[in-house]
Amino acid sequence: MTPDPTKAARELLGFYLESGVDALVDEAPVDRFADEIPPPAPAPRVERTAPSAPRMQAASQAAPLVGTAPAAPDAAIMSARAAAKSAGSLEELRDILKGFEGCALRGTAKQMVFADGNPQARVMLVGEAPGRDEDIEGLPFVGRSGKLLDLMLAAVSLDRTSVYIANIVPWRPPGNRTPTPQESQICLPFVLRQIELANPDILVCLGGPSAQTLLGLRDGITKTRGRWFPFQNGAREIKALPTFHPAFLLRSPLQKRYAWKDFLAIKQALNG
Ligand code: URA
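Here the structure is a predicted model, which means the values were calculated and not measured. (Residues numbered from 1 in each chain as written. Predicted model: local features only at pLDDT ≥ 70, side-chain atom pairs only at ≥ 80, totals over all residues. Heavy atoms only, no water.)

Right, let's get into helix H8 (residues 181-198). Count 3.6 residues to each turn of an α-helix, and residues three or four apart come out pointing the same way. Compared with the 26 Å implied by 1.5 Å per residue over 18 residues, the 25 Å span of H8 between its first and last C-alpha is a close match. Along H8, the sharpest kink reaches roughly 40 degrees, centred on Leu 188 and followed within four residues by the proline Pro 189. Burial within H8 is extensive, with 14 of its 18 residues counted as buried. Looking one or two residues beyond H8, the residue adopting positive phi is Asn 199, at roughly 55 degrees. (Helix = DSSP H or I, 4+ residues; strand = E, 2+ residues; numbered from the N terminus. Expected span 1.5 Å × (residues − 1). Bend = angle between axes of the 7 residues up to and from the residue. Buried < 20%, exposed > 50% of the residue type's maximum accessible area, 1.4 Å probe, protein only.)

You will see that Asn 176, though not glycine, has its phi angle at about 60 degrees, which is positive. For Asn 176, the location among the structural elements is in the loop between strand E3 (163-167) and H8. Its relative accessible area of 43% is what places Asn 176 among the partly exposed residues. Positive phi, normally seen in glycine, also occurs at Asn 199, with a value near 55 degrees.

Turning our attention to the pairing of strand E2 (residues 123-127). Counting buried residues along E2, 5 of its 5 residues qualify, which places the element largely inside the surrounding structure. Burial of E2 is two-sided: the residues Val 123, Leu 125 and Gly 127 facing one way and the residues Met 124 and Val 126 facing the other way are all buried. Judged from the 5 bridges that link them, E2 and E3 form a sheet pairing that is parallel. Considered in E3, the bridge of Met 124 is made with Tyr 164. (Pairing = 2+ DSSP bridges.)

Our next topic: the site of the ligand. Near the ligand the following residues occur: Gly 127, Glu 128, Ala 129, Pro 130, Glu 134, Pro 140, Phe 141, Ser 145, Asn 167 and His 245. Glu 128 places a main-chain nitrogen or oxygen 2.8 Å from an oxygen atom of the ligand. One of the backbone N or O atoms of Ala 129 is found 3.0 Å from a nitrogen atom in the ligand. Taking 240 Å² as the accessible area of the ligand by itself, protein coverage stands at 92%. Its residues assigned to classes, the shell around the ligand comprises 4 nonpolar, 4 polar and 2 charged. (Near = heavy atom within 4 Å. Polar contact = N/O pair within 3.5 Å; in protein donor to acceptor, adjacent residues only side chain to side chain. Areas by Shrake-Rupley, 256 points an atom, 1.4 Å probe, with all protein chains shown as cover. Nonpolar A, V, L, I, M, F, W, Y, C, P; charged D, E, K, R; others polar.)

Taken as a whole, helix H4 (residues 90-99) has its buried residues at Leu 90, Leu 93 and Leu 97. In an axial view of H4, the angular spread of the buried residues amounts to 55 degrees, which keeps them on one side of the axis. Turned more than 90 degrees off the buried face of H4, the exposed positions are Glu 91, Asp 95, Lys 98 and Gly 99. Its buried side turned inward, H4 meets helix H3 (74-85), helix H5 (105-108), E3 and H8. (Arc of directions from axis to C-beta. Contact = heavy atoms within 4.5 Å.)

This paragraph deals with the packing of aromatic side chains. The geometry of an aromatic ring pair is captured by the separation of the ring centres together with the interplanar angle, meaning the angle of the planes. For the coordinates displayed, the defined rule picks out 2 aromatic pairs. Measuring from ring centre to ring centre gives 4.9 Å for Phe 244 and Phe 248, while their planes differ by 45 degrees; the resulting arrangement is tilted. Take Phe 244: its relative accessible area is 3%, and that puts it in the buried class. Seen from the ring of Trp 228, Lys 239 lies directly overhead, with NZ or CZ sitting 4.5 Å from the centre. (Phe/Tyr/Trp six-rings, centres within 6.5 Å; stacked < 30°, edge-to-face > 60°. Lys NZ or Arg CZ within 6 Å of the ring centre and 35° of its normal.)

In space, the 6 strands of this open sheet follow the order E1-E3-E2-E4-E6-E5, with mixed pairing throughout. Strands with a single pairing partner mark the edges of an open sheet, and in this sheet they are strand E1 (116-117) and strand E5 (229-233). Relative to E3, E1 runs antiparallel, the two being bridged by 2 bridges. Each residue of the ladder has a partner; that of Gly 117, found in E3, is Tyr 164.

Purely geometric stuff here, so don't read any function into it on its own.
Here it is in structure tokens:
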């Protein structure tokens, strides 16, 4: 039987779509297997970086990605800072962010995902970036990992009326890839202002990237989860707790016991 090229092409596109590829970034395909992968950098000895200057450095030193848009300049970070600072309320922040053009992810995402839950809540949870379901619904954590998050919250008598939820990056990266350090740094001033305006007592960082970006930690989540860190929220110091990301728990269910401990600690801190 002669193969049907149209059918084969359709199947291949279906495979790409299933794998999370939903955006074309270049005219011609890029063979990433042909790219030389640099050896991993040696593990840093310092656990914690100073708050903002090193974060800027990390952004500007990030290696450019092959075949993607040109690296956003530090100017985007500076303009994000000025824009975020000018917001006097969460509503204003949402509007300003919606009009912000410094992050290329807004061009590939269906819509911005700003927040869900109760902005007056004492607990604020911050994830990494929206996925496919969040991109469609415009709300954070509504997919499979969101369902698990809801169960984890319910286990300590919390729900979306008693927590406020956001992400470091408010636009879905194409194919659910990890946001680049530069994308995170560009969006960081907005989420920092969001935390400041929401003014929670407890900040929960869902996953390593959130903890590293918000708390300036270098260590991975396995080392930092379950430990309380001070977080300077505007003029006020609050407590921050890194814990496992629900998506990681879906892949590694045995780790749920540690997340359970962390959520009990959150509950205890709320009651204490
Ligand atoms: N993962 C995240 O980090 N955030 C979401 O909103 C959904 C999945």
